[in-house]
Amino acid sequence: MSSLLRLAVLGLVGASLVGLASAATFAKQDRATLRALDKITGRSVDITVKVGEPVVFGSLNVELKACFQTPPEEVPESAAFLKISSLRPVSEEQAEVAPTAVAAGEQPVLFSGWMYASSPGLSALEHPVYDIWVIRCTAPAPVKLPPRVIVPLGDEPLIDDAPAGMSESDAPPVIEEDIPVD
């Protein structure tokens, strides 16, 4: 019986080591692409949200707190921490029915937690009119450089080739000699 217990413990330790070896590494991103669905009209729209900059969709205020994305060589996964609140304040009647929820005049928080792109139903917004889920986390696009300037090759040097403060007459003379090629 003792050897069976040892074998089970070793198997558990081995499985946990394999699980750690295959654990995903996440990179922090500053934007998330969310898909929002209006259940009444059936229309969906993709929303790009930056960390700390709330976005309004319908009667919802969506704020991204953090977003993490796995690198391209790993299994794709995006995880975003969202805080979604209603723009409609709670009426006095609603506050009396559920006094522990929020005080009258405040905007109730409908969802606050992690959403995963691979499992949208795991942690979802529960709202009668809207659905919101994570598509991916992204970083801002890199700065694009201006197009390359192509300088035509000619025999004459360009005036702009001279160092600052030097005129064309101050430039050293160009000696054109034929150099033998072996």
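Novice: A description of the nonpolar core should follow, citing residues and the corresponding values.
Specialist: Membership of the largest hydrophobic core comes to 20 residues, with the highest contact counts inside it found for L34, L64, L82, I84, M115, L125 and I132. Listed by contribution, the elements that provide at least two residues to this core are β2 (31-38), β3 (43-50), β5 (60-69), β6 (78-86), β7 (109-116) and β8 (130-138).

Novice: Residue-level account of the side chain of S85, with values.
Specialist: Inspection of the secondary structure assignment puts S85 in strand β6. By relative accessible area, which is 8% here, S85 ends up buried.

Novice: Describe the sheet that holds β8, with residues and values.
Specialist: Hydrogen bonding along the main chain pairs the strands of a sheet, whether they run parallel or antiparallel. Spatially, the 3 strands line up as an open sheet ordered β3-β2-β8, and their pairing is antiparallel. Each of the sheet's edge strands pairs with one partner strand only, and the pair in question is β3 and β8. Sheet twist, expressed as the mean angle between neighbouring strand axes with direction ignored, is 25°. As paired strands, β2 and β8 are joined by 8 bridges and run antiparallel to one another.

Novice: An account of the pattern of salt bridges is needed here, citing residue identities and associated values.
Specialist: Counting across every chain of the model gives 4 salt bridges. In this structure, R31 engages D30 in a salt bridge whose closest nitrogen and oxygen atoms are separated by 3.9 Å. Looking at R31, the relative accessible area reads 22%, which means it is partly exposed. Of the charged contacts in the structure, one is a salt bridge between K65 and E63, with a shortest N-O distance of 3.3 Å. Residue K65 is classed as partly exposed on the basis of its relative accessible area of 38%.

Novice: How would you summarise the side chain of Q29 if you had to cite specific residues and measurements?
Specialist: Relative to the assigned elements, Q29 resides in strand β1 (residues 27-29). Apart from the residues within four sequence positions on either side, Q29 is in contact with V51, C67, Q69, C137, T138 and A139.

Novice: I'd like to hear about the confidence of the model for the chain, residue by residue, with values.
Specialist: On average, residues of the chain score 75 in pLDDT, and 60% of them are at 70 or above. Note on residues 7-22: pLDDT under 50 across the span, and 0 contacts to partners over four residues away in sequence or across chains.

Novice: Could you give me a rundown of the environment of P76, with the residues and numbers involved?
Specialist: For P76, the location among the structural elements is in the loop between β5 and β6. Counting along the chain gives 41 residues from P76 to A117, while the straight-line C-alpha distance between them is 8.8 Å.

Novice: Can you break down the packing of aromatic side chains residue by residue, with the values?
Specialist: Applying the stated criterion to the full structure yields 3 aromatic pairs. With 5.4 Å between their ring centres and 75° between their planes, F81 and W114 make a pair best called edge-to-face. Taken together, the residues span a long stretch of sequence, with F81 in strand β6 and W114 in strand β7 at a distance of 33 residues. Each member of the aromatic cluster is reached from another via a ring pair, and the members are F68, F81 and W114.

Criteria and thresholds
Residues numbered from 1 in each chain as written. Predicted model: local features only at pLDDT ≥ 70, side-chain atom pairs only at ≥ 80, totals over all residues. Heavy atoms only, no water. Core = buried A, V, L, I, M, F, W, Y, C linked by side-chain atoms within 4.5 Å. Buried < 20%, exposed > 50% of the residue type's maximum accessible area, 1.4 Å probe, protein only. Helix = DSSP H or I, 4+ residues; strand = E, 2+ residues; numbered from the N terminus. Pairing = 2+ DSSP bridges. Axes fitted to C-alpha atoms, helices over the stretch in contact; angles between N-to-C directions. Salt bridge = Lys/Arg side-chain N within 4 Å of Asp/Glu carboxyl O. Contact = heavy atoms within 4.5 Å. pLDDT = per-residue confidence, 0-100. Phe/Tyr/Trp six-rings, centres within 6.5 Å; stacked < 30°, edge-to-face > 60°.

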